[in-house]
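# An overview of the molecular structure
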Amino acid sequence: MTTPAKSSLQAWVVVALLCVVGCDPRYRATGYGVLNFLSCTIGGIGIYAGGALRDANVDLGKLFLFVSFAIAACAVLLFFLKPKQNSVTSA
């Protein structure tokens, strides 16, 4: 069963794959598969790392502080992304 949150995420990923990356139409399914593979892999690593941090008694406050700075840095880096400009010629 697909949840509304997952459906909206998948719709956004397709737009990002087609517009931002601008991949060749022949490789759309491959690109979508690679993105799904990477998201599952990162999710599994995150669960494993979370368990390891809990076993090591790491303070969650410090962890959330680090993650908030990492997200802010990623937001700043997003401003430097520029979409590809397609050269359209009129016939």
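Residues numbered from 1 in each chain as written. Predicted model: local features only at pLDDT ≥ 70, side-chain atom pairs only at ≥ 80, totals over all residues. Heavy atoms only, no water.

### Concerning the overall build of the protein
Along its length, the protein carries three helices and zero strands. Reading the protein from its N end, one meets helices and strands in the order α-α-α. Relative to its full complement of 91 residues, the protein shows a buried share of 4%. Surface exposure of the protein reaches about 8,100 Å², of which carbon and sulfur atoms provide 72%. (Helix = DSSP H or I, 4+ residues; strand = E, 2+ residues; numbered from the N terminus. Buried < 20%, exposed > 50% of the residue type's maximum accessible area, 1.4 Å probe, protein only. Areas by Shrake-Rupley, 256 points an atom, 1.4 Å probe, with all protein chains shown as cover.)

### Some details on helix α2 (residues 28–55)
Count 3.6 residues to each turn of an α-helix, and residues three or four apart come out pointing the same way. The end-to-end C-alpha separation of α2 is 41 Å, in line with the 40 Å expected for 28 residues at 1.5 Å each. In the segment just after α2, N57 is the residue with positive phi, at about 55°. (Expected span 1.5 Å × (residues − 1).)

### Description of the confidence of the model for the protein
Looking at the protein, pLDDT values average 78 and 66% of them are 70 or higher. Per-residue pLDDT, averaged within each element of the protein, yields its smallest value for helix α1 (residues 4–21) (65) and its largest for helix α3 (residues 60–78) (91). (pLDDT = per-residue confidence, 0-100.)

### Topic: unusual backbone geometry
The phi dihedral of N57 is positive, around 55°, even though this residue is not glycine. Note on N57: relative accessible area 69%, which makes it exposed.

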